[in-house]
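Chain and residue survey
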Amino acid sequence: MAERFTKSMARNIYYGGSFFFFLLLLGLTFDTMLELPERDHRENITPSVANGKHLWEKNNCVGCHSLMGEGAYYAPELANVFDRRGGSNEQVFKSYLRAWMSIQPIQTPGRRKMPQFNLAPEEVDDIANFLIWTSRINDNDWPPNIEG
Ligand code: HEC
């Protein structure tokens, strides 16, 4: 082994390391692209689900909530709210969401508030369909508990 750490050794580590991790990045990207269609069940994106996502973005729900861990941490995670509040029953969840959206903001002192969005019942159903679709994405069971 050389006694001194030479410039050319440092260069080889730099280029070799960069090349190795670039190959790793390519491989993992390729693997992700292959896996995604199986996991996101995109064939179930109905016009209602798409409109629900649009409403979700337009009203900036993610400004307070997280969805599959992405978003803000002011309010509960919603990727699993379908299982939490609907018991995985679509009709139960839609009734719940209509009721929930209509009673905001709840005036309990000391409790975080959610705004009133004045959405039409059909719009709330679209958001419900979007959240139902999201809950069925295979995300390795994230979040790890039902309260999210
Ligand atoms: C300004 C912040 C804020 C925004 C924006 C917001 N929320 Fe909320 N949301 C909250 C808070 C805070 C709670 C918890 C309130 C409570 O427990 O009383 C909540 C709770 C909820 C719950 C109940 C969660 C549960 O576990 O029961 C649902 C469903 C929900 N929000 C949906 C939405 C949707 C859909 C939107 C967008 C149209 C939205 N929220 C936008 C703050 C917000």
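Just so it is clear, the structure is predicted and the values come from calculations on it, not from any experiment.

**With respect to the site of the ligand**
The ligand sits among 23 residues. The nearest are Cys61, Cys64, His65, Arg111 and Met114. Between the ligand and Arg111 there is a distance of 2.5 Å, counted from an oxygen atom to a side-chain nitrogen or oxygen. Mapping the ligand onto the cavity grids shows that it belongs to the largest pocket. Of all elements in the fold, only helix H3 (81-86) and helix H4 (90-102) reach the threshold of two or more residues within the shell around the ligand. A per-class count over the shell around the ligand returns 15 nonpolar, three polar and five charged.

**Considerations on the nonpolar core**
Judged by nonpolar contacts, the single largest core of 21 residues is most densely connected at Trp56, Leu67, Leu78, Phe93, Leu97, Phe130 and Leu131. When residues in this core are grouped by element, the largest group, seven residues, is from helix H5 (residues 121-135). Beyond its immediate sequence surroundings of up to four residues, Leu131 is in contact with Trp56, Leu67, Leu78, Val81, Phe82 and Phe93.

**Topic: the domain arrangement of the chain**
Split into domains, the chain comes out as domain 1 (1-39) and domain 2 (42-148). Relative to domain 2, the C-alpha centre of domain 1 lies at a distance of 40 Å.

**A word on the coordination of the iron atom of the ligand**
At 2.0 to 2.2 Å from the iron atom of the ligand lie its protein donor atoms, namely His65 (NE2) and Met114 (SD). Of note is the iron atom of the ligand, whose six donor atoms meet at the metal with angles of 83 to 179° in an arrangement that counts as octahedral. Remark: Met114 occurs in the loop between H4 and H5 and His65 occurs in the loop between helix H2 (47-58) and strand S1 (66-67); sequence separation between them is 49 residues.

**What to know about the UniProt feature "domain: Cytochrome c" (unreviewed entry) in the chain**
Residues annotated in UniProt with the feature "domain: Cytochrome c" (unreviewed entry) correspond here to residues 47-135. Secondary structure over residues 47-135 splits into 52% helix and 4% strand, and the C-alpha atoms at its two ends are 17 Å apart.

Definitions and cut-offs
- Residues numbered from 1 in each chain as written.
- Predicted model: local features only at pLDDT ≥ 70, side-chain atom pairs only at ≥ 80, totals over all residues.
- Heavy atoms only, no water.
- Near = heavy atom within 4 Å.
- Polar contact = N/O pair within 3.5 Å; in protein donor to acceptor, adjacent residues only side chain to side chain.
- 1 Å grid on protein atoms, 1.4 Å probe; cavity = no way out; pocket = protein on both sides within 12 Å on 5 of 7 lines; lining within 4 Å.
- Sits in = over half its atoms within 2 Å of the grid points.
- Helix = DSSP H or I, 4+ residues; strand = E, 2+ residues; numbered from the N terminus.
- Nonpolar A, V, L, I, M, F, W, Y, C, P; charged D, E, K, R; others polar.
- Core = buried A, V, L, I, M, F, W, Y, C linked by side-chain atoms within 4.5 Å.
- Buried < 20%, exposed > 50% of the residue type's maximum accessible area, 1.4 Å probe, protein only.
- Contact = heavy atoms within 4.5 Å.
- Domains from an automatic or database assignment.
- Donors = N, O, S within 2.8 Å, 3.2 Å for Na, K, Ca; no water.
- Tetrahedral: all angles 85-135°; square planar, octahedral: opposite > 155°, others 65-115°.
- UniProt positions renumbered as here; feature names shortened; annotations may be inferred.

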